[in-house]
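Below are the chains, spelled out letter by letter.
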Amino acid sequence: MVVGLLNANPIVYKKKERRARNVPTVIDEYAVEPIDEQEIFDYIRDIKDPEHPYSLEELKVVTEDSIEANDKQSYVRVTFTPTIEHCSMATLIGLCLRVKLMRSLPSRYKVDIRVAPGRHATEAEVNKQLNDKERVAAALENPNLLELVDSCLEPTYA
């Protein structure tokens, strides 16, 4: 049995400065605004790591470059990079990403969450779990797991 954290001293990176979104000069309250990679990144950048007091952005688990968004096809893919190859929290991190996007995006979007290729020992199994609707629904029915996910999604005011 492992005692303590698997990655006790992760590398912490500086957060990127938040960029202002390009807002059209003519404001039409009924116009559909396309969702892009920057908006998706803004949704997920502050999710807290389950093991450390840092955000997924600070640990470079998610980056703006790891996001694909196609508004016309209502498709979003987030590829995340666990801090270590044997990260026991990879599935939980992916679940947090999925839940945040489920709560933030219109229901027409298909969300695909993936571990970066070659960056986790059980990459295929984690990807399968994260993109199986029944497994995700079952996980979210567990009150303890849902509480843990919600704690990772709580806003920080720092």
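Higher on the page you've got the structure.
These remarks concern the structure in this document. (Residues numbered from 1 in each chain as written. Predicted model: local features only at pLDDT ≥ 70, side-chain atom pairs only at ≥ 80, totals over all residues. Heavy atoms only, no water.)

## Quick look at the pairing of strand β3 (residues 110-115)
- Pairing geometry for strand β2 (residues 75-80) and β3, over 6 bridges, is parallel. Bridge assignment links Val76 to a residue of β3, and that residue is Val111.
- Of the crossover connections in this fold, the one passing from β2 over helix α2 (residues 90-104) to the parallel β3 is right-handed. (Pairing = 2+ DSSP bridges. Helix = DSSP H or I, 4+ residues; strand = E, 2+ residues; numbered from the N terminus. Right-handed = clockwise from strand over helix to strand, strands pointing away.)

## Observations concerning the side chain of His120
- With respect to the element layout, His120 can be found in the loop between β3 and α3 (123-130).
- Side-chain polar atoms of His120 contact the backbone oxygen of Cys87, separated by 2.8 Å.
- Within the local environment of His120, its side chain forms a polar contact with the backbone nitrogen of Thr122, the two atoms lying 3.0 Å apart.
- Once residues within four sequence positions are removed from consideration, His120 is found in contact with Pro82, Ile84, Glu85, His86, Cys87, Ala90, Val115 and Val126. (Polar contact = N/O pair within 3.5 Å; in protein donor to acceptor, adjacent residues only side chain to side chain. Contact = heavy atoms within 4.5 Å.)

## Some words on the nonpolar core
- Residues Ile40, Val78, Phe80, Leu97 and Leu101 are the most contacted members of the largest nonpolar core, which totals 35 residues.
- Breaking this core down by element, the ones donating at least two residues are α1 (37-44), β1 (67-70), β2, α2, β3, α3, α4 (133-141) and α5 (143-153).
- It is α2 that provides the largest number of residues to this core, a total of 8 residues. (Core = buried A, V, L, I, M, F, W, Y, C linked by side-chain atoms within 4.5 Å. Buried < 20%, exposed > 50% of the residue type's maximum accessible area, 1.4 Å probe, protein only.)

## A look at the pairing of β2
- Where β1 and β2 come together, 4 bridges link them in antiparallel fashion. Directly across from Asn70, in β2, lies its bridge partner Tyr75.
- Connecting β1 to the antiparallel partner β2 that follows it, the hairpin turn spans 4 residues, and Ser74 within it adopts a positive phi of roughly 55°.

## Description of the packing of α1 against α2
- With their axes 10 Å apart at the nearest point, α1 and α2 run at an angle of 115° to one another. The element α1 and its partner α2 pack so that their crossing is right-handed. From α1, Ile40, Tyr43 and Ile44 reach across to α2, where they touch Leu97, Lys100, Leu101 and Ser104.
- Looking at side-chain class alone, the contact of α1 with α2 contains 5 nonpolar, 1 polar and 1 charged residues. (Axes fitted to C-alpha atoms, helices over the stretch in contact; angles between N-to-C directions. Left-handed = near helix turned anticlockwise from the far one by under 90°. Nonpolar A, V, L, I, M, F, W, Y, C, P; charged D, E, K, R; others polar.)

## Observations concerning the sheet that holds β2
- If you walk across this open sheet you meet the 3 strands as β1-β2-β3, and the pairing is mixed. Each edge of the open sheet is held by one strand with a lone partner, namely β1 and β3. Across the sheet, the axes of successive neighbouring strands diverge by a mean angle of 10°, strand direction being ignored.
- Taken strand by strand, α1 contacts β1 and β2, and its axis lies near 125° from that of β1.
- Docked against the sheet, α3 engages β2 and β3, running at close to 160° with respect to β3.

## Points about the state of the cysteines
- For the coordinates displayed, the defined rule picks out 0 disulfides.
- Considering cysteine sulfurs only, Cys96 is the nearest to Cys152, which forms no disulfide, with 4.0 Å between them.
- For Cys152, a relative accessible area of 3% translates into the label buried. (Disulfide = S-S within 2.5 Å.)

In short, geometric facts, not functional conclusions.
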